[in-house]
Structure formats: structure tokens, C-alpha cells
Amino acid sequence: RRRRCRSTARGSMTCSTWRLPGSTSCGASKRRPSLLLATDVAQLGWGGALARLVIAGALGAVLGFERELHEREAGLRTHLMVALGAALFTIISAYGFHDILSSSGPNVLVRLDPSRIAAQVVTGIGFLGAGAIIRQGIGVRGLTTAASLWLAAAIGMASGAGYWAGAVLATAIGVVVLWPLRSATRRLVARMRRGEGIVAVELEEGRRISTVLDAV
């Protein structure tokens, strides 16, 4: 936009304004970003919910089956339930409050964070994993099982959110880590420690391990 002024009389001035080709008028208002209403969010039907829950339970059961074969504290059913519960919490967080938001009225603005409830699964699974860790003598057992429960919860959340690729890939990598990598690691460590051995000692009831350690 250009502006040209010329003097017409003493003490007075006349100005004229014209618009360049392709330019917008000054009266054009800026567009405000549109808000996503609750009625615009798609609902999850029975079929979609069933598919996500079944896939979450199946992938969690795959991890639990490996733990069941090695007779760990948390087996197939535990991993299945963890993945299933995590998936359900994710579905509730994303789709469970659609009726409340849609009935709030046009003059009421309600903000919803779909990850708020799902984020609590990460915190809650820590307490369940802590229960799988057992101190036995001078060693600690259950760390890998606790980590597999944490992974099962993550797989359940990915399945509940519809992120199939992440859920399937995480399950496949988890199975490889728990089974083939475990055997490969033991073989590699055994080759590196050829001059070392392991002594197993059984103590009678009431005897202290300190006496054995002093003798060693």
C-alpha cells in the first residue's frame, strides 16, 4: 500500500491512498485458530475397544510365557493382566469422558488431557515391579521380571492408543532380550571366566551365613 500527499493550500494537505496488485485490504481480519470440540472427536466402538484389548493381552501373554517357562514369580497371567489393564486405562483416558465433554454446553470450555490418566500407569507399575524383586541371601532376584512387567505395561499402553507398530516391535525385541540374548550372554560370560567357578552351599535351619563366609 502506498500513500501520496500533496499540498493544496497554505496550511492544508490532501492525501490519497491506493493498494498494490495482489495485496490484501487492511480491513481483513486475522484468522483465529479453530478449537477442537468434544463432538468432533471420534468415539471408540465395541469393535475397536475389543481389538485393542485383545491385542494388548496377547502381546503381554507372549512376554509372560517366557517368564512362565523359567518359573519366575510373575508369569503369563500376570503379564497379560498388566498389559490389559494398561490398555484399558489408556482407552479410558482418551475416550472415556466423551459424554461429559459433549454435554458441557457451548458456553463452557472444558479442557481434556488424554494422557493424564495413562501417565499414572507408569508410576503405578513401579509398585508392582517392586513386589517382584526378592532378596535371596546375598543376591537379588526378580529384576528382569520387574523390567518385563514394566515393558508389558508400555506395550499395553501402545495397544490401547492404537500404536500397533510400536507394540508389536517392542514385544518382539523383548522376547529376543529375554530368551536368545540370555543364552548368548551366559555363553559369552562363561568363555571370559574359564578360570572361575561357582560354589553352592546349603545351610541348615538356624545356621548363619557368616560362618561360611569366614571359612571361605
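None of these values were measured; they are calculated from a predicted model. (Residues numbered from 1 in each chain as written. Predicted model: local features only at pLDDT ≥ 70, side-chain atom pairs only at ≥ 80, totals over all residues. Heavy atoms only, no water.)

### Regarding the side chain of R67
1) Next: For R67, the position within the fold is in helix α1 (residues 46–69).
2) Next: One polar contact links R67 to E66, side chain to side chain, over a distance of 2.8 Å.
3) Next: With residues up to four places along the chain from it excluded, the contact list for R67 reads R72, A74, G75, H79, T144, T145, S148 and L178. (Helix = DSSP H or I, 4+ residues; strand = E, 2+ residues; numbered from the N terminus. Polar contact = N/O pair within 3.5 Å; in protein donor to acceptor, adjacent residues only side chain to side chain. Contact = heavy atoms within 4.5 Å.)

### Remarks on the side chain of T171
1) Next: Tracing the chain through its elements places T171 in helix α6 (residues 164–178).
2) Next: T171 gets classed as buried once you look at its relative accessible area, which sits at 4%. (Buried < 20%, exposed > 50% of the residue type's maximum accessible area, 1.4 Å probe, protein only.)

### Considering the nonpolar core
1) Next: Counting 15 residues, the largest nonpolar core has L63, V82, L149, A153, I155 and A167 as its most contacted members.
2) Next: Counting residues per element, the ones that place at least two in this core are α1, α2 (76–95), α4 (116–132), α5 (143–160) and α6.
3) Next: Element by element, the count of residues in this core is highest for α5, at five residues.
4) Next: Among all residues touching V82, those that are not within four sequence positions of it are I125, L128, L149, A152 and A153. (Core = buried A, V, L, I, M, F, W, Y, C linked by side-chain atoms within 4.5 Å.)

### Description of the confidence of the model for the protein
1) Next: Here the protein averages 76 in pLDDT, while 71% of its residues score no lower than 70.
2) Next: Put simply, strand β2 (residues 12–18) is where the protein has its lowest mean pLDDT, 48, and α6 is where it has its highest, 94.
3) Next: Low pLDDT (under 50) marks residues 12–18, which in the prediction has 20 contacts with non-local residues, meaning those over four places away or in another chain.
4) Next: Every residue in residues 24–30 is under pLDDT 50, and counting partners more than four places away or in other chains gives four contacts. (pLDDT = per-residue confidence, 0-100.)

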